[in-house]
Amino acid sequence: MRMREDLGIRELINADSMKTLLGGTLMPAPVLDAMRDAAGSFVDMFELQEAVGHKLAALTHNEAAHVCTGASAGLVLSAFACMTGPDIGEIGNVMREGVEHLPRREFVVQCGQRNPYDPSVELAGGRLVQIGNVLQTFDWELEAAIGPRTAAVLFFAGRHLGYGSLELEQVAAIAHRAGVPVIVDAAAQLPPKANLWEFTKKGADLAIFSGGKELRGPQASGLIVGRAELVKACGLHASPHQRRARSMKVGKEEMLGLLAAVEYYLAQDEAEELDRCERIVAGWVQTLEGVSGVLATREFPGTDGRPLPRARVQFEPNTGLHGASVRDEMLLGHPAVAIAVAAPDAVYLNPELLRPGEDLVVLERLSEIVGQPVGAH
Ligand SMILES: *Cc1c(COP(=O)(O)O)cnc(C)c1O
């Protein structure tokens, strides 16, 4: 393997999550085949984007779909789309004058849903207008924030974010009453598969998914689904057009790779996958139960608030272990294992991305670290 042998890069066991930082995800054979196929032909890229979009729309029960280079890029394109609509004259003005002249440039976002990806909207020239606070947002705050300058309401899906935030249905009802669209960033919100159509059904005008997370598509791919007019507007700003969002180019390999990934993903057995994860977590918890100074529990929902379990491993003060120190030690060990910090005194072990047998390696490595005498850390 070239990464290891030639470049000296360590391969990781990923018991953390589908993080770009860790290489995203692993593509199954049908996705790789589709990308290899795509790499062997010249095509008209407009034609390909449209045809792939039609298929993806049908597969996800949406009006329209567009392949972009990732969920963050999807946010940029969606922001452009909501500021200009599919009006080519307006898009021409944006090419000449930027977005400053546009009447609608504000994106309302709930405080409890703020996250590291929302600046993508600002990259498009949008302005984030925050409502509510960390604990809660009220419907009247949303109503008051929407006005003639509002381009869209930005909504981040996931049970791990803002427990006191307004629900999507409520947000959509208020936004639509004012004639304003709703963008849902659902980058990591699969499973369930049904989310590919549920967010739009609940009122999202555009919903965005990462291609390189649960879909197991190309790492540099993303999926925008939703209302035809807005999806079209996304495409009008994007490559292969030589327009503002040209830098977020999608290759034919990503387009066909993502299509294959969505087909593959929809054919998977969700119950079986849940079962596999449950078995691994149960095994971890059971083994760690016998280790003194350690409290292991099954946590559900798991990573990013999704309906999959993970193990939470907490260290008692007398062990001298900290979440961050254990994480670092796992990552620097042999084999290197990536895990997430859950709290100052705890870590998460996520079964999702483990290949057969790796769950035992994770356990062995953790046991070694936990078994070391206090002070060795
Ligand atoms: C991962 C993630 C993104 C970014 O997705 P990319 O496909 O890597 O661009 C955006 N928003 C949220 C909420 C995410 O979890």
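Residues numbered from 1 in each chain as written. Predicted model: local features only at pLDDT ≥ 70, side-chain atom pairs only at ≥ 80, totals over all residues. Heavy atoms only, no water.

Visitor: Before we move on, can you summarise the site of the ligand with the specific residues and values?
Guide: Around the ligand, a shell composed of T20, G70, A71, S72, Y117, D185, A187, A188, S210 and K213 is seen. A distance of 2.8 Å is found between an oxygen atom of the ligand and a backbone nitrogen or oxygen belonging to A71. Here K213 contributes a side-chain N or O atom positioned 2.8 Å from an oxygen atom of the ligand. For the ligand, whose accessible area on its own is 390 Å², the fraction buried by protein is 85%. Residues belonging to the shell around the ligand are distributed by class as follows: four nonpolar, four polar and two charged. (Near = heavy atom within 4 Å. Polar contact = N/O pair within 3.5 Å; in protein donor to acceptor, adjacent residues only side chain to side chain. Areas by Shrake-Rupley, 256 points an atom, 1.4 Å probe, with all protein chains shown as cover. Nonpolar A, V, L, I, M, F, W, Y, C, P; charged D, E, K, R; others polar.)

Visitor: Account for the environment of D345, with residues named and values stated.
Guide: As for its position among the elements, D345 is in the loop between β12 (340–343) and β13 (346–349). Separated by 270 residues in sequence, D345 and L75 have C-alpha atoms that sit 35 Å apart. When residues no more than four places from it in sequence are discounted, the contact partners of D345 are V313, Q314, F315 and G323. (Helix = DSSP H or I, 4+ residues; strand = E, 2+ residues; numbered from the N terminus. Contact = heavy atoms within 4.5 Å.)

Visitor: Break down the layout of surface pockets for me, with residues and values.
Guide: Looking at the largest pocket, its volume works out to about 690 Å³. If you tally residues by element for the lining of the largest pocket, the top one is helix α12 (residues 270–289), at seven residues. Its residues assigned to classes, the lining of the largest pocket shows 14 nonpolar, three polar and ten charged. (1 Å grid on protein atoms, 1.4 Å probe; cavity = no way out; pocket = protein on both sides within 12 Å on 5 of 7 lines; lining within 4 Å. Points joined across faces, edges and corners; volume = space filled by probe spheres on them.)

Visitor: Give me α12: which residues, what numbers.
Guide: The terminal C-alpha atoms of α12, which comprises 20 residues, lie 28 Å apart, in line with the 28 Å expected from a rise of 1.5 Å per residue. In the core, the buried residues of α12 are packed alongside β9 (294–299), β10 (310–315), β13 and α14 (358–371). Sitting at the amino-terminal end of α12 is D269, which places a side-chain oxygen 3.0 Å from the backbone nitrogen of A271. (Expected span 1.5 Å × (residues − 1).)

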